[in-house]
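Chain and residue survey
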Amino acid sequence: MDISRDRLLWAYERMCLIREFEDRLHADFAAGKIPGFVHLYAGEEAVATGFCAHLRDDDFLTSTHRGHGHCIAKGVDLRAMMAEIYGKATGACKGKGGSMHIADVDKGMLGANGIVGGGPPLACGAGLSAKIKGTDQVTVCFFGDGASNQGTTFEGLNLAGVWKLPVIFVCENNGYAETTSPRYSVSGQDIAARARGFGMPSIAIDGLDFFAVYEAAGEAVARARRGEGPTFIEAQTYRYYGHFEGDTIKYRDREEEAHYKSLDCIGRFRTTVIEQELLSQAELDAIAARAREAVADAVRFADASPLPGADDLLTDVYVSYPERELWPFQEVRA
Amino acid sequence: MTVMVEEAVRTLSYREAINEALRLEMRRDPSVILMGEDVTGASQSDDEAHLDAWGGVLGVTKGLVHEFGRQRVRDTPITESGFMGAGVGAAATGLRPVVELMFIGFMGVCLDQIVNQAAKMRYMFGGKAKIPLTVRTMIGAGFRAAAQHSDSIYSTFVHFPGLKVLAPATPADAKGLLAAAIRDDDPVIFCENKVLYDTKGPVPEGEYVIPLGKADVKRAGDDVTIVAISRMVLHALEAAEQLASQGVSAEVVDLRSLAPLDEETVLASIRKTGRLVVVDEDNPRCSVAGDIATLAATQALDYLNAPVKLVTAPHTPVPFSPALEDLYVPSPARIIAAAQATLG
């Protein structure tokens, strides 16, 4: 495996941050601290991390409703993310987006997305920008097994193929679209095979194996940077928590959950790097401890942050617009 | 601010005026690109004879590929969600795309990308994104094109926060407003009435930009205000001419910009005339016509000497048969009758 020690340290740190962030949200949601819909990425850390390990700040991501992992792997600020999820004015989106819409355009993170299949057309647009400007920026488009059935996904694959766009389509097949297994919802069963019909390389990989993801992602990103067009990768992974927080998960067996947790991507990473003497246990433990502290710090920041106020309600709809028309025909306002 | 350089007035068609605005904006700013179905035609062929085979289904974008090339003038597959979303993504990442949605009735096959992505991104992201996207789309009945190719359902887009919506009636307004739409940093839906493509009018040469959100009084009058949109401005002017011969002085206000809405110009006219007729080719429920009536009721009721009269299409799809379609579109005769009714 051709991966530097620095990258390994970075990857372990990112995976620990994601896991810690999601586990903490799971607990805090149950305690009633978090408003709204929250979809957690725990279990899938190797996918976001394995791809983002190859990306620069000026590369782009499109994401999903389960976007926290993508954000953390792309380098979005942890405090701003947590404050956003708490609905605070200091959030990444000033509290206007919440968990499902965290974005950081300056980091190339074009937004978590509440619409299943919303991302692939947008990813094509980011790819088109790079192509027209003549840069070697790439776009990674994450979506799930549910979105693999959406028409927008097929339209995006077709457009990326026709225009040879520098886009990597990553289907995170975590076994469930909300409650529904692809065994029921995916005709033909083979998601990766579908993309081959669009004339692009496409493979299925073990998404619980960081090194498998890292290797496949590296090839796809390099191919896109060389201007050779899109690649499709189905990363087979597993979602530890429910579709959203509050989901009682009555649609799958505990034995299945135990099986996948025995293949945990972070545990396997640790085992591999220790056995191959790439990193030491002490280094790994120190990273995990720092991740715990970073998430605790983000929670403290979010807790202490102010809520947005009435002045914020009408801002950021447009770059320019007459404010009186944002609440028209009436005198009495909130 | 209206910018006019070389103020020599010559006559262009509405189609030519739109083409000129696209050409000038693409010259001015290399980040402006144009894409849509058959905006050139025959992209499978590199043969010069096939290049620009259509130049748009009604020839509006003819010639642009010759000047700007296929990198910036792109035919798309017939996948409206795919290319509309690509326009949104390109706008979010530094281009200034003009995306052609051939007919407004096709909004249904890409509405999510317009409404949930383009229109909401800036707000959802706390103001940290801008989406300088222009969607050009055709409206208008009269081509015997039946229900899915003839709608004027721009009020649908007016309903969604985050979008701006324009509907020019004249060649000059088409040029000036399209330039403004392309330069604007928000997503703009630019509605071209296909029945107007061959209409001609004076159009300023060179750079010509009309600010968004400004209505235009196309004819001044004292007795009744007729607010109209797109092709209905022409019908309102025809009605006003006939009303004049009956001794009625009608003021015709062309909204031009549906979002933002120029409330002041409309209200000032109502305060002057005391009577209001609203003419709209869109279906009447939840419509811009209804908004203008709401504006009058909430902010100018004391000035009204008669109930507001609406003259709109019926609440039906656009019919195919010429006999029915001609009844569907608001006519000058209906506008005259409505104006007379406000005068008692």
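Residues numbered from 1 in each chain as written. Chains lettered and ligands numbered in written order. Predicted model: local features only at pLDDT ≥ 70, side-chain atom pairs only at ≥ 80, totals over all residues. Heavy atoms only, no water.

Some thoughts on the domain arrangement of chain B
Residues and elements named next belong to chain B.
- In terms of domains, chain B is made up of domain 1 (10-209) and domain 2 (216-342).
- Just the C-alpha atoms count here: the centres of domain 1 and domain 2 sit 27 Å apart.
- On the domain 2 side, the residues contacting the 29 residues of domain 1 number 28 residues.
- Taking both sides of the interface into account, the surface hidden between domain 1 and domain 2 amounts to around 2,200 Å²; carbon and sulfur atoms contribute 56%.
- On the domain 1 side of the contact with domain 2, A141, R144 and Y154 bury the most area, a combined 26% of that side's loss.
- Along the contact surface separating domain 1 from domain 2 lie 4 salt bridges. (Domains from an automatic or database assignment. Contact = heavy atoms within 4.5 Å. Buried area = accessible area lost by both parts, 1.4 Å probe. Salt bridge = Lys/Arg side-chain N within 4 Å of Asp/Glu carboxyl O.)

Quick word on the packing of aromatic side chains
All names here are of chain A.
- For the coordinates displayed, the defined rule picks out 14 aromatic pairs over all chains.
- Consider the rings of F210 and F269, whose centres lie 5.3 Å apart with planes at 80 degrees: the pair is edge-to-face. Of this pair, F210 sits in helix α9 (residues 210-225) while F269 is found in helix α11 (residues 265-275), placing the two residues 59 residues apart along the sequence. Both residues of the pair, F210 and F269, belong to the buried class.
- Taken together, the ring pairs connect Y12, F210, F211, Y214 and F269 into an aromatic cluster.
- Note that R7 overlies the ring of W10, its terminal NZ or CZ placed 4.5 Å from the centroid.
- Above the ring of Y240, the side-chain terminus of K261 is found at 5.1 Å from the ring centroid. (Phe/Tyr/Trp six-rings, centres within 6.5 Å; stacked < 30°, edge-to-face > 60°. Helix = DSSP H or I, 4+ residues; strand = E, 2+ residues; numbered from the N terminus. Buried < 20%, exposed > 50% of the residue type's maximum accessible area, 1.4 Å probe, protein only. Lys NZ or Arg CZ within 6 Å of the ring centre and 35° of its normal.)

What about unusual backbone geometry?
- The peptide bond linking A259(B) to P260(B) adopts the cis configuration, its omega dihedral lying at 0 degrees.
- Note that P260(B) resides in the loop between β14 (257-259) and α8 (263-273).
- Positive phi is not limited to glycine here, since E277(A) has a value of about 55 degrees.
- Among the secondary structure elements, E277(A) is positioned in the loop between α11 and α12 (281-304).
- E277(A) gets classed as exposed once you look at its relative accessible area, which sits at 71%.
- You will see that D52(B), though not glycine, has its phi angle at about 65 degrees, which is positive.
- The residue D52(B) is located in the loop between β3 (32-36) and α2 (64-72) in this model.

Some thoughts on the interface of chain B and chain A
- Contact with chain B, which involves 53 residues of that partner, is made by 46 residues of chain A.
- Here chain B and chain A share an interface that buries about 3,900 Å² over both sides, 61% of which is from carbon and sulfur atoms.
- If you sort the residues of chain B by the area they bury against chain A, T93(B), Y123(B) and F125(B) come out on top, with a joint share of 17%.
- For the interface between chain B and chain A, the tally reads 1 salt bridge.
- Across the salt bridge formed by R324(A) and E263(B), the nearest N and O atoms sit 3.4 Å from each other.
- One can count 22 residue pairs in polar contact (both at pLDDT 80 or more) joining chain B with chain A.
- The element that contributes the greatest number of residues to the side of chain B that touches chain A is helix α3 (residues 80-92) of chain B, accounting for 10 residues.
- Its residues assigned to classes, the side of chain B that touches chain A comprises 21 nonpolar, 18 polar and 14 charged. (Polar contact = N/O pair within 3.5 Å; in protein donor to acceptor, adjacent residues only side chain to side chain. Nonpolar A, V, L, I, M, F, W, Y, C, P; charged D, E, K, R; others polar.)

Some details on the sheet that holds strand β11 (residues 216-219) of chain B
Residue and element names in this part refer to chain B.
- Taken together, 5 strands build an open sheet; the order of strands is β11-β13-β12-β15-β16 and the sheet is mixed. Two strands in the sheet have a free side with no partner beyond their single neighbour: β11 and β16 (309-312). Sheet twist, expressed as the average angle between the axes of neighbouring strands with direction ignored, equals 25 degrees.
- Both strand β12 (residues 224-228) and strand β13 (residues 250-254) contribute to a ladder of 5 bridges, which runs parallel. Within β13, the residue paired with A228 across the bridge is D254.
- Where helix α11 (residues 332-342) meets the sheet, it contacts β12, β15 (276-280) and β16, and its direction lies at approximately 175 degrees from that of β16. (Pairing = 2+ DSSP bridges. Axes fitted to C-alpha atoms, helices over the stretch in contact; angles between N-to-C directions.)

Some details on the pairing of strand β3 (residues 167-173) of chain A
All names here are of chain A.
- Counting buried positions along β3 yields 7 of 7 residues, so the element is predominantly enclosed.
- Taking every second residue as pointing to the same face, both faces of β3 are buried, with V167, F169, C171 and N173 on one and I168, V170 and E172 on the other.
- Taken together, the 6 bridges between strand β2 (residues 139-144) and β3 define a ladder with parallel strand orientation. Looking at β3, one finds that T139 is bridged to V167.
- Pairing geometry for β3 and strand β5 (residues 231-236), over 6 bridges, is parallel. Bridge assignment links C171 to a residue of β5, and that residue is E234.

Quick look at α9(A)
Residue and element names in this part refer to chain A.
- With 16 residues, α9 extends 22 Å from end C-alpha to end C-alpha; this agrees with the ideal 22 Å at 1.5 Å per step.
- F210, F211, V213, Y214, A216, A217, G218, A220, V221, R223 and A224 are the residues of α9 that are buried.
- The secondary structure elements touched by the buried residues of α9 are α1 (5-30), α2 (45-52), β3, β4 (202-206), β5 and α11.
- Where α9 begins, the capping side chain belongs to D209, and its oxygen is found 2.9 Å from the backbone nitrogen of F211. (Expected span 1.5 Å × (residues − 1).)

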